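For reference, the chains in residue letters:
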Amino acid sequence: MTIESLRSSPAPAVNGAPPVPLTETTTLTLAKAINAGLRRAMLDDPKVVLLGEDIGALGGVFRVTSDLLAEFGPNRVIDTPLAESAIIGTAVGLAYRGYRPVCEIQFDGFIFPGFDQIVSQVARFHYRTQGAVRMPITIRVPFGGGIGAAEHHSESPEAYFTHTSGLRVVAVSNPQDAYGLIRQAIASDDPVLYFEPKRRYHVAGPVSPQLDAPLESARVVAAGTDVTLLAYGALVTTASDAALAAADEGVSIEVIDLRSLSPVDYAVVEASVRKTGRLVVTHEAARSGGLGGEIIAEITERCFDYLEAAPVRVTGFDIPYPPAKLESHHLPDLDRMLDGVDRVLGRRR
Amino acid sequence: MTIESLRSSPAPAVNGAPPVPLTETTTLTLAKAINAGLRRAMLDDPKVVLLGEDIGALGGVFRVTSDLLAEFGPNRVIDTPLAESAIIGTAVGLAYRGYRPVCEIQFDGFIFPGFDQIVSQVARFHYRTQGAVRMPITIRVPFGGGIGAAEHHSESPEAYFTHTSGLRVVAVSNPQDAYGLIRQAIASDDPVLYFEPKRRYHVAGPVSPQLDAPLESARVVAAGTDVTLLAYGALVTTASDAALAAADEGVSIEVIDLRSLSPVDYAVVEASVRKTGRLVVTHEAARSGGLGGEIIAEITERCFDYLEAAPVRVTGFDIPYPPAKLESHHLPDLDRMLDGVDRVLGRRR
Amino acid sequence: MHTVLTGETPAIFLQLLSPDGVRMPSAELDPWVVDVTGDDLAALYRDMVVVRRIDAEATALQRQGELGLWPPLLGQEAAQIGSARALRADDFVFSSYRENAVAWCRGVSPTDILRVWRGTAQSGWDPFDHGMATPSIIIGAQTLHATGWAMGARFDGADSVAVAYFGDGATSEGDVSEALVFAASFQAPVVFFCQNNHWAISEPVGLQAPAGIAGRAPGFGIPSLRIDGNDVLAVLAATRLALHRARTGGGPTFIEAVTYRMGPHTTADDPTRYRPAAELEEWAKRDPILRLRRLLDSLGRFTPELVAESQALADATAAELRAGCIGLPDPEPLTVLANVYATPHAGVDRQRAEYAAYLASFEPTGGKP
Amino acid sequence: MHTVLTGETPAIFLQLLSPDGVRMPSAELDPWVVDVTGDDLAALYRDMVVVRRIDAEATALQRQGELGLWPPLLGQEAAQIGSARALRADDFVFSSYRENAVAWCRGVSPTDILRVWRGTAQSGWDPFDHGMATPSIIIGAQTLHATGWAMGARFDGADSVAVAYFGDGATSEGDVSEALVFAASFQAPVVFFCQNNHWAISEPVGLQAPAGIAGRAPGFGIPSLRIDGNDVLAVLAATRLALHRARTGGGPTFIEAVTYRMGPHTTADDPTRYRPAAELEEWAKRDPILRLRRLLDSLGRFTPELVAESQALADATAAELRAGCIGLPDPEPLTVLANVYATPHAGVDRQRAEYAAYLASFEPTGGKP
Ligand SMILES: Cc1ncc(C[n+]2csc(CCOP(=O)(O)OP(=O)(O)O)c2C)c(N)n1
Ligand SMILES: Cc1ncc(C[n+]2csc(CCOP(=O)(O)OP(=O)(O)O)c2C)c(N)n1
Ligand SMILES: [Mg+2]
Ligand SMILES: [Mg+2]
């Protein structure tokens, strides 16, 4: 993949439902790619059921489940009462009965009423029962900011889940991965938190039905030699833009899309850092206790002798998500990423 | 403090209620020190009220609130129905009305049904209202393992809260700090998660009513020059024992009791690491996403040029808390701490 | 199975005004409105006209890109005005995001109501200035806050009451049931005021509560009233009744105000995807403002003066709202890191200093690029 | 305020056996036990004697340091045996930690029941072997699991039923109310079986539910039965009734079995700190085993053979339990890192390899020091 291919171009017009089923490479928005992936999984396995608030007639507030109620009926696309703990808790029961439930949490900030069921039940049944009970539950969470929304609608709670043993966590950044990983998540016998970058829902890209990334794999978005820049979700685009900007100034950045947040694909990250000696990690979530610290600690341990500078974090601040008019200050943007690159190169401070 | 003072000695006999009120240095168990601190705070401020399950006639399952119902009555020591979200949520309302509620969560694993109210409400009201509404709520949580208990009774959920902006988090390790910090927590205008190392509840030590540590301060338990060993809660004792064992082999370990987990007192940690060049962090919580990674990332950034080796973690595994008969394998013990020290010294692997 | 308890929606449905605006007797509610004068009715009318105008203006502002979002209360004016006008200054409201007419009654300025929706702040006003907490976006969470506040009022020996506003959808959340448990156990002086507007975004109330809503509280030991929420007089009466019970040691009361969300869930919503048009038409006939107007008319109080005066106030308020909204300054960049804690905090203080230095590096413009 | 709905504990309290063991008529329950023979009653008696013995033996084992903890069900034998014996093999139980007599009825071996309490495992049996999930320690969480399972059974067109067991204290948790909401909305074939044993550790049921428990479900649209939980026949009948409703498309039913926790909350508890001794004495008179014995006696079925046979089975079970418990091997060290995931996981796999190497470094003893 050439670095030029990263330049953002206007999205091609995409209308209507995805082809039925997806058989060849097609241009889809990220939202429609997930829709197509859900549909494919539901066609392939009658045990796949969807649960969530407003996912039926409305198709979800982001329309990710559009048209699925009409196609699969109310026993497979279940509009639930307004109660997140129950959405997760009944999914546990459904999994006990052999179903593969896919829960939609309407917005990131609404996952917390369901936190107990996720952390104390979903994550643990396999361990608790010495492997007798599997929890093939996928929990879809639109996440992240940048859409000018009200409180609780722009959060990045992923680190709560990457600290929770028994869960797998992925975050997608583009339609292809969205399509592939939603099906991988549903097919997995482990529970998967599937984070969707809501501000990229309408960005379109090619989706091939064949190109599936394994659940645990990171992706090198653009090769580089001076600095490794690690991102996931919506920030992959920003990181790619930063790489282009840096290239114009003669700095070669290797951009990695983490994709799997738990476990992290350290083989890919390690190889990159051994090459560049410099690591910048970026995420929207608060810095303290965020995934960045974890990765930096791990990479410092694994690659200490290769590090030419202390790894740097470019993240949201340690604040509750701020009001919309302040979010541009909170969210890592191209300038702050370049500032981080400057710092890891010893050019600032 | 000499290193000899760390040697564990049998606890002196401690009986009955703490003196009324504590006026001079007294030997108390950790549980009774908290009880004395609660009592002192309640005597000093009529707005301090306690809420929790079984905290009244029973005095809590660990007897930390013993005798307080009799002394202060049911409007100040409130036995609540069995609902953690409501315990926290009504505390928010009480805080809105000028109270300083102290909530008891019966065991670490039962905090999750109250997670939403903590993360989305308690932590945020001050920020949300531009400072108009304060949440002087203390949430007491017995935490950690080593007592051979059933599932959900041995957990270390602190990292979920140190990643939550707006909360302060402390963990105490000895009666003196327990007494001082519970009063500091209650007096704070910010919400404080107060973690109590349940397997040390019955360990006794001197408590002076005067010696209060500030909320944000770490404590050097034993000075050393070769390795910095960072611990908190129950593991401070283990770390001290490890320091003694290492001293016998000629390795000088500086043991730091973190006390404040959010924010971390980096002044103290930094000073130590600049001196020793080697850092080991230990906690019972799972390694991935635990506090250790955060501290290592931060210290690597702040002290990169002083580090002689990659910092090392000695933590619980990335597993749900295991059954009692396996917990000795999961919990960092003296041997695993020494192994970590060996690793940071380059003596192993 | 006649001795098996079954859950049935209580047939009782309290009204004081028919949809035609005819005053109807009600043994339960009449005593609570005996003192209501024609002037009072006119004032209620004025309130309703004004808040409907606020709603329309805010919707327009959103369409024009001046607000990020707006949740209209169109159709729920009687439920909100009738209840809020029953409150005393020392009572305290814990509401959801849609109770903008309640905020109006609590003296919040129209501009302050908009701050949140323009995105300049997460709280439009100081709760202690108005006896009204920052609206809760997490559905149902505020019912516990109200219950806790009421427990405190009881401990204080005060006769102030907490009022929790929430929707039909909210009744499914565990927090709301837990609030009923605590309120009953501690006999907290709290009024649970549920606006059953028939929809929770796209979900009909039957999905949340197939047996109805008002029947739920009694099972927790809390008396419940099911009232016509489009009848401002019934709402006023029922709220006064509930407040009186709470003030005099009678504990919590649950009110289900049956009303209808005539607009979309928010300006981001498209109700045509899920809501039959006929339903809306049906409810338009029960419009709360129309109903009060008919009553006033029958009393000879629907005068040209009242119309003109209401119109003038609505116009003035809309103008104030628009100017206020557009004039709302963007917050200073560094406030992004202010007020995270009430007391100095080493971590946040450091980040603020770093960010200030970072911003300064973009001088001379000073701001973010 | 006669049209205000009030929550009152239903006066209805269904019984088939008086505390003296006299068979009493009940129009509702009689049809469900017409087929119960003397042999069936004898079998129920045997069950109850055995599980009381399991309880006593486990308590003894705990005192002797062989178990970490034990939650006795003493006094609740009729509630558990009567309900569990009504189930079919393809039904599925989601219980709390105290339902050890239910586990017995589901064919779980006494030794397997003890694994969790000895700390060798977090699940004593394979749930699919017995149609009984791993008991939930998080109070109330399992009621949602049962509801979800039942939704699945309905989707499958099966006539299997999920049964959720939980305590009086659990009714305060939001999860339990949410389970009622979902069960009602989806007409899930689930039986909510609440053992009101009057205490949640030190808290009396009146703190959780001042208006009683059975009245709660009807408000959610779920029929409710309040039965004498120390009357094994009434419990059997009510459970059969509820199962039948569920199997035939009638949806969920709530049963409050009024019983009493005669022992401590667990072996770690000291009820003398909070519970009046007189209360215990009062309830001892309503002992469920004594009651069935009196009935059997009146039917001429309380024979020396039955006594001997029950005793023998109890003795054998106790012996098996004790030997099984003491013989339970400690788990292999590396199982601490097994089964975290169902599929290979790079992070955990690495930690397991590292820990294996660490343990190996202590060779030749191999184990942990
Ligand atoms: C915990 C939580 N889950 C989901 C949402 C998303 N959401 C916002 S409003 C709404 C519907 C609320 O319906 P209702 O309670 O009837 O109030 P109404 O909007 O009709 O006033 C939902 C699902 C939320 N805000 N909080
Ligand atoms: C979520 C949660 N909170 C608290 C506890 C601690 N706890 C264990 S049992 C219990 C009381 C349960 O009472 P009840 O539901 O009546 O059941 P019983 O013990 O009487 O069978 C409590 C508070 C828990 N296990 N889970
Ligand atoms: Mg509604
Ligand atoms: Mg009980």
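Everything numeric here is computed off the predicted structure, so don't read it as measured data. Counting from 1, residues in each chain are numbered in the order their sequence is written. Chain labels run from A onward and ligand labels from 1 onward, assigned in the order the entries are written. In view of the model being predicted, local features appear only for residues whose pLDDT reaches at least 70, and side-chain atom pairs are presented and counted only at 80 or more, with totals across whole chains, interfaces and linings using the full set of residues. Derived side-chain values reflect all non-hydrogen atoms in the structure, with water molecules and hydrogen atoms excluded from consideration.

> Could you give me a rundown of the overall build of chain A, with the residues and numbers involved?
Helix and strand definitions follow DSSP, with helices as H or I runs of at least four residues and strands as E runs of at least two, each counted in order from the N terminus. If you tally the helices and strands in chain A, you get 12 helices and 14 strands. Radius of gyration: C-alpha atoms only; globule rule: 2.2 Å multiplied by the number of residues to the exponent 0.38. Computed over the C-alpha atoms, the radius of gyration of chain A is 20 Å, within 12% of the 20 Å expected from 2.2 N^0.38 for a compact globule of 349 residues. Reported as C-alpha extents along the three principal axes, the dimensions of chain A are approximately 60 × 45 × 40 Å. We call two residues in contact when some of their heavy atoms are within 4.5 Å. Put simply, of all contacts in chain A between residues at least 6 apart along the chain, 80% involve residues at least 24 apart. Accessible surface, chain A: about 9400 Å² in total, of which carbon and sulfur atoms supply 51%. Under the convention used here, Asp and Glu are negative, Lys and Arg are positive, and both His and the chain ends fall outside the count. A single reference atom marks each charge: NZ on Lys, CZ on Arg, CG on Asp, CD on Glu. Mean positive and mean negative side-chain charge positions of chain A (32 and 42 charges, respectively) differ by 2 Å. The Shrake-Rupley method, run with a 1.4 Å probe, gives the accessible areas here. Residue values count only the displayed protein chains as cover.

> Explain unusual backbone geometry to me, and be specific about the residues and the numbers.
Of note, the bond from A:Ser262 into A:Pro263 is cis; its omega dihedral lies within 30 degrees of zero at 0 degrees. Within the secondary structure layout, A:Pro263 lies in the loop between β12 (260–262) and α9 (266–276). Even without a glycine there, the phi angle at C:Gln187 is positive, about 45 degrees. Its place among the elements puts C:Gln187 in the loop between α7 (174–185) and β3 (190–196).

> Lay out the coordination of the magnesium ion (ligand 4) with the relevant residues and their values.
Residue and element names in this part refer to chain D. For Na, K and Ca the donor cutoff is 3.2 Å, while for all other metals N, O and S atoms count as donors only within 2.8 Å; water does not appear among the atoms, so some sites may look incomplete. Note on the magnesium ion (ligand 4): its protein donors are Asp-168 (OD), Asn-197 (OD1) and Trp-199 (O). The metal-donor distances range over 2.1 Å. Mapping the donors of the magnesium ion (ligand 4) onto the primary sequence gives the spacing D-x28-N-x1-W. No difference in accessibility class separates Asn-197 from Trp-199, as the two residues are buried. The rule is simple: take the accessible area with a 1.4 Å probe, protein chains only, and divide by the maximum for that residue type; under 20% is buried, over 50% is exposed, in between is partly exposed.

> Which residues make up the domain arrangement of chain C, and what values go with them?
Accessible area lost on assembly of the parts is the figure often given for the size of an interface. Each domain's extent was defined by an automatic or database domain assignment. The assigned domain composition of chain C is domain 1 (10–327) and domain 2 (333–369). One C-alpha centre belongs to domain 1 of chain C, the other to domain 2 of chain C; they are set 40 Å apart.

> Quick one: what's the story with the coordination of the magnesium ion (ligand 3), residue by residue and with numbers?
Protein-derived coordination of the magnesium ion (ligand 3) comes from C:Asp168 (OD), C:Asn197 (OD1) and C:Trp199 (O), at a distance range of 2.1 Å. According to the relative accessible area criterion, C:Asn197 is buried, its value standing at 5%.

> So what about the UniProt feature "domain: Transketolase-like pyrimidine-binding" (unreviewed entry) in chain A? Which residues, and what values?
UniProt positions are given in the numbering used here, feature names are shortened, and annotations may be inferred rather than shown by experiment. With numbering matched to this structure, UniProt assigns "domain: Transketolase-like pyrimidine-binding" (unreviewed entry) to residues 28–203 of chain A. Helix makes up 36% of residues 28–203 of chain A and strand 18%, and the two end C-alpha atoms of the span are 8 Å apart.

> Can you explain the interface of chain A and chain B? Please cite residues and give values.
On the chain B side, the residues contacting the 48 residues of chain A number 47 residues. Note on definitions: buried area is the accessible-area loss of two parts on being combined, 1.4 Å probe, summed for both. For the chain A and chain B pair, buried surface summed over both sides reaches about 4100 Å², with 55% attributable to carbon and sulfur atoms. The three residues of chain A that bury the most area against chain B are A:Tyr127, A:Tyr160 and A:His163, which together make up 18% of that side's buried surface. When a carboxyl oxygen of Asp or Glu lies within 4 Å of a side-chain nitrogen of Lys or Arg, that pair is called a salt bridge. At the boundary of chain A and chain B, one finds 14 salt bridges.

> Let's hear about the domain arrangement of chain A: which residues, and what values?
All names here are of chain A. Domain boundaries assigned for chain A yield domain 1 (27–207) and domain 2 (219–344). Inter-centroid distance (C-alpha atoms) of domain 1 to domain 2 is 26 Å. Summing both sides of the interface, domain 1 and domain 2 together bury roughly 1800 Å²; the carbon and sulfur share of this comes to 51%. For the interface between domain 1 and domain 2, the tally reads 3 salt bridges. Note that Asp-177 and Arg-259 form a salt bridge whose closest N and O atoms lie 2.9 Å from each other. N or O atoms closer than or at 3.5 Å make up a polar contact, with two conditions inside protein: a donor-capable atom paired with an acceptor-capable one, and, for residues adjacent in sequence, both atoms drawn from side chains. Counting across the domain 1 and domain 2 interface gives 15 residue pairs in polar contact (both at pLDDT 80 or more). Elements represented by at least two residues in the side of domain 1 that touches domain 2 include exactly α6 (158–162), β6 (168–171) and α7 (175–187). Broken down by element, the side of domain 1 that touches domain 2 gets its largest block of residues, 4 residues, from β6. Classes in brief: Ala, Val, Leu, Ile, Met, Phe, Trp, Tyr, Cys and Pro nonpolar; Asp, Glu, Lys and Arg charged; the others, Gly included, polar. Class assignment for the residues of the side of domain 1 that touches domain 2 results in 11 nonpolar, 9 polar and 6 charged.

> Account for the site of ligand 1, naming residues and giving values.
Neighbouring ligand 1 are 20 residues, the closest being A:Glu84, C:Tyr97, C:Arg98, C:Ile137 and C:Asn197. In this structure, ligand 1 is bordered by residues of chains A and C. Contact distances for ligand 1 include 2.7 Å between an oxygen atom and a side-chain N or O atom of C:Tyr97. For ligand 1, the protein covers 96% of the area, taking 580 Å² as the surface of the free molecule. Of the residues contributing to the shell around ligand 1, the split by class is 10 nonpolar, 5 polar and 5 charged. When at least one non-hydrogen atom of a residue lies within 4 Å of a molecule or strand, that residue is treated as near it.

> Hey, could you go over the site of ligand 2 for me, with residue numbers and the actual values?
Taken together, 20 residues lie near ligand 2, and B:Glu84, D:Tyr97, D:Arg98, D:Ile137 and D:Asn197 sit nearest. Around ligand 2, the nearby residues trace back to chains B and D. Between ligand 2 and the protein, one listed contact pairs an oxygen atom with a side-chain N or O atom of D:Tyr97 at 2.6 Å. For ligand 2, an oxygen atom lies 2.8 Å from a polar atom in the side chain of D:Asn197. Starting from 590 Å² of accessible surface for ligand 2 in isolation, the protein chains cover 96%. Classifying every residue of the shell around ligand 2 by side-chain character gives 10 nonpolar, 5 polar and 5 charged.

> Describe the pattern of salt bridges, naming the residues involved and giving the relevant values.
Side-chain pairs of opposite charge can arise whenever the charged atoms involved come near each other. Counted by the stated rule, this structure contains 104 salt bridges over all chains. C:Asp30 serves as the salt-bridge partner of C:Arg23, at 3.0 Å between the closest nitrogen and oxygen. Given a relative accessible area of 22%, C:Asp30 falls into the partly exposed group. It is possible to trace a salt-bridge network through shared partners that takes in A:Glu270, A:Arg274, A:Glu294, A:Glu298, A:Glu301, A:Arg302, B:Arg287, B:Arg313, B:Asp339 and B:Arg343.

> Which residues make up the pairing of strand β5 (residues 138–143) of chain A, and what are the values?
Residue and element names in this part refer to chain A. In terms of residue burial, β5 counts as a mostly covered element, since 6 of its 6 residues are buried. For two strands to be treated as a pair, DSSP must find at least two bridges joining them. One ladder, built from 3 bridges, connects strand β4 (residues 100–104) with β5; its direction is parallel. Of the residues in β5, the one forming a bridge with Val-102 is Thr-138. When β5 meets strand β7 (residues 192–197), the two strands line up parallel, connected through 6 bridges. Pairing of Arg-140 across the sheet is with Tyr-194, part of β7.

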